[in-house]
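# A structural walkthrough
So you can see what is in the structure, the chains are spelled out below.
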Amino acid sequence: MRLACINRDGDVVEFETALQEQPYTIRGLLADALNQCYRIIPDSFEFLRAEGEVRNALRTFQGDEDKYARGYVLSRTLDNRTQRTPRADLILLALHHGGPLALIGIFYATLDAHRNRNRHDTLDYLLNRATDKSKLQLIMRSSTFPCNPSVSNWLIRIFEKLKRDSKNLACLLRCFGTSNVPQVLFRRLWTPSLSWGANGEPLESKARIATSLTDDQRFTTAIRDLEYVGFIRISATTIDLDLRIAEFLRLEFENPQWIAESVRILAHSFPKYRHLEPASYVEQCELLQPSLASVFSYLATVSIESLAVDEQSLAQFVEVCLSASYFRDKSWKYNAISIATRVSSIMQLSSSEDAVITFTVHLRRSFISLLYQETTQQISPLTLPVANQRSHALVADLAILNARQCVSLHTIALALEHLAAFDPSWEGCVSTLGAMQAREVVLMHARILRFTGRFQEAYALLETLPLGNRTLPLMGANLCEMGKCDEAIRMLSMHVMEKRGMVRARIVLAYAYLLKSMRDYVQGCPLDWRSLQTARGMLQDLLRSFIPASYFGQMDHLSILLGIAMVHHLEGQIDLALEAWQGALTNSQKYLAPGYTDMIVYYSISELEVKRRDVTRSDFLETQARSMFSRTGRQYHFIGLGSLWPEVIRKLLMECGRQAVIAF
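Attention in this report is confined to the structure presented alongside it. Given the structure is predicted, the values throughout are model-derived calculations rather than measurements.

## Some thoughts on the pattern of salt bridges
Overall, the coordinates contain 30 salt bridges when judged by the stated rule. Across the pair R141 and E51 runs a salt bridge, and its minimum N-O distance is 2.9 Å. Of this pair, R141 sits in helix α9 (residues 132-142) while E51 is found in helix α3 (residues 44-60), placing the two residues 90 residues apart along the sequence. Between R117 and D121 there is a salt bridge, and its shortest N-O distance comes to 3.3 Å. Of this pair, R117 and D121 both sit in helix α8 (residues 117-128), separated by four residues, roughly a single helical turn.

So this is what it looks like as structure tokens:
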């Protein structure tokens with residue numbers, strides 16, 4: 001949390017801005033707040049005075065004159081004289097829980113307490129009246145207080161005493177973003193990195209790094225030594241380099257050699273292909289993305305040519321950028337591709353290897369352009385000289401891209417022709433990569449069939465594929481559209497119960513309950529209120545914690561919003577339904593170009609306005625819906641939106657004596 005102020009107009013004003021504009025008013029507010037704290041935490045006034053003394057100690061600290069604190073940090077022990085004083089435990093507490101800066105603050109804020117009244121009062125409070133929570137809070141906060149510039153040299157002298165491995169690790173942690181650096185980033189250096197070889201089979205390679213952190217013992221020793229001097233804090237899975245220490249040692253840590261080494265480490269450790277690490281790919285990629293983002297920020301200002309990274313690591317780093325581009329939002333994707341393009345442009349590879357890398361980078365850029373419907377970027381024709389099993393298998397990606405482009409142009413037959421043209425065999429053999437790519441083509445074929453309303457054919461194709469996180473939601477969606485909602489519920493429930501996450505499968509499961517109710521209503525049966533209630537509960541639970549971090553996340557988000565709107569509509573909750581449809585429309589217009597989804601929203605709201613007896617608005621929205629439908633026709637991208645939901649609205653309108661926009 002952070003402090004902010006609310007002005008008379010109800011606007012939020014940053015604390016620093018408010019303090020500059022109305023300092024006396026802010027002081028009064030702080031005094032009121034402190035008095036309220038005093039009623040809940042009685043030592044608040046003494047805590048504030050003690051904090052002031054610690055701040056003063058850090059501000060006036062002279063690193064060149066220090067005779068004690070640096071030795072305590074390096075040895076983790078106190079001299080005999082200090083050990084016999086009442087403040088010994090307090091100083092050790094600061095060192096163990098706050099690090100070097102907290103040690104300076106607490107040590108010098110209580111030094112010579114018998115000769116300095118303020119320090120005497122500070123020590124007396126901390127030893128006799130401060131609660132354990134207050135002491136720890138002061139210690140943890142003290143590492144964030146402003147310090148004398150001499151602290152920088154003082155820390156550097158400690159840094160220089162460390163072993164080489166510990167120094168290397170500290171420098172790398174700075175490059176990887178300082179906070180919450182996953183230990184697995186380093187531990188993956190001790191296992192082979194997986195990629196695809198020219199023969200289309202998995203290829204293992206060893207880490208090619210300059211530092212010596214390539215085995216468990218040396219890594220464990222390095223993090224123990226850094227923790228020993230208080231430079232880092234470690235948990236079971238992460239390492240945190242103290243932010244202030246990282247800032248003080250910025251020039252020492254940001255030598256280009258460490259940026260180059262961080263590129264080599266990520267080139268090896270970051271997962272590159274989903275199918276080579278199917279069980280952990282998504283989790284590991286998401287875990288390592290913050291470290292990659294930190295290195296990306298350095299590469300934005302550093303010439304990649306100047307880093308002297310070997311060709312193998314550069315080629316792997318291109319693969320890392322391509323892998324990373326499957327995550328996060330549009331700007332992240334384009335940044336990853338931009339860096340991949342820069343790296344590939346300086347590589348000196350054989351003509352066949354260079355052709356493969358150039359092709360994959362351009363192909364991925366084209367896919368992202370198509371994904372976000374970039375009208376300013378034309379997708380230029382791509383070709384790939386086929387020289388081996390790998391390059392032949394990659395032709396499948398081009399077939400999928402061309403098919404996607406045809407779908408966007410509503411030339412479905414041509415899209416299916418592109419997919420059908422791919423043959424996984426090359427020179428009479430099918431490699432592992434070729435077989436995997438063939439499954440990707442089948443999966444794309446099934447998606448296109450579902451989007452065109454050919455649910456039975458799509459389901460038949462999906463049955464030929466292994467059941468997994470990507471095929472399961474599609475199979476469930478097709479079952480729902482085929483009227484087999486109970487079968488979808490049984491299948492999805494079993495797998496959702498077995499695995500955590502699987503957001504898309506949970507969305508489809510909620511829709512299975514929703515379409516079950518829809519089908520009953522359309523067929524003239526009593527509404528299945530229990531299924532409707534289950535669908536509403538699941539969708540609302542998903543919405544509460546949902547963060548649409550990527551394009552496909554946005555589509556999932558929109559699917560949830562549309563589902564909630566349909567539930568409220570079926571329940572007869574007019575006001576809630578109107579609000580939900582409006583929310584869906586707002587996000588549809590944010591995520592997508594105007595089209596079928598907007599038309600369905602207008603159509604649905606038009607029916608609700610009939611119930612509200614606002615015929616004028618209903619007619620206006622119906623006209624908009626008719627105009628849009630004449631251009632879009634029926635579409636099936638969202639479950640039920642092109643099949644059952646128009647029939648629900650048609651029946652509701654007929655009950656009111658109105659005509660349907662979408663014919664049965």
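Okay, back to it.
## Some remarks on helix α23 (residues 432-451)
Every α-helix carries 3.6 residues per turn, so stepping three or four residues along brings you back to the same face. Taking 1.5 Å of rise per residue, 20 residues should cover 28 Å, and α23 covers 29 Å from first to last C-alpha, within 8% of that figure. All of the buried residues in α23 are L433, G434, M436, Q437, E440, V441, L443, M444, A446, I448, L449 and R450. In the core, the buried residues of α23 are packed alongside β4 (193-196), α21 (389-408), α22 (412-420), α24 (455-462) and α25 (471-481). Among the residues trailing α23, G453 stands out with phi positive, at a value near 85°.

## Looking at the environment of Y511
Here Y511 lies in helix α27 (residues 503-522). Judged by its relative accessible area of 0%, Y511 falls in the buried class. Residues Y511 and R658, spaced 147 residues apart in sequence, show a C-alpha to C-alpha distance of 28 Å. Once residues within four sequence positions are removed from consideration, Y511 is found in contact with C480, L539, S559, L562, G563, M566 and I639.

## A few points about the pairing of strand β7 (residues 238-241)
Alignment of strand β3 (residues 181-182) against β7, held across two bridges, turns out to be antiparallel. Along β7, the bridge assignment pairs V181 with I239. Summarising the sheet, strand β6 (residues 232-234) and β7 pair through three bridges and their orientation is antiparallel. Note that in β7 the partner of R233 across the bridge is D240.

## Some thoughts on the environment of F176
The topology assignment puts F176 in the loop between α11 (164-175) and β3. With relative accessibility at 2%, the residue F176 sits in the buried group. Distance from F176 to R470, taken between C-alpha atoms, is 31 Å for residues 294 residues apart in sequence. F176 has contacts with V181, L185, F186, S262, I265, L266, P290, S291, S294 and V295, leaving out every residue within four places of it along the chain.

What counts, and where the lines are drawn
Residues numbered from 1 in each chain as written. Predicted model: local features only at pLDDT ≥ 70, side-chain atom pairs only at ≥ 80, totals over all residues. Heavy atoms only, no water. Salt bridge = Lys/Arg side-chain N within 4 Å of Asp/Glu carboxyl O. Helix = DSSP H or I, 4+ residues; strand = E, 2+ residues; numbered from the N terminus. Expected span 1.5 Å × (residues − 1). Buried < 20%, exposed > 50% of the residue type's maximum accessible area, 1.4 Å probe, protein only. Contact = heavy atoms within 4.5 Å. Pairing = 2+ DSSP bridges.

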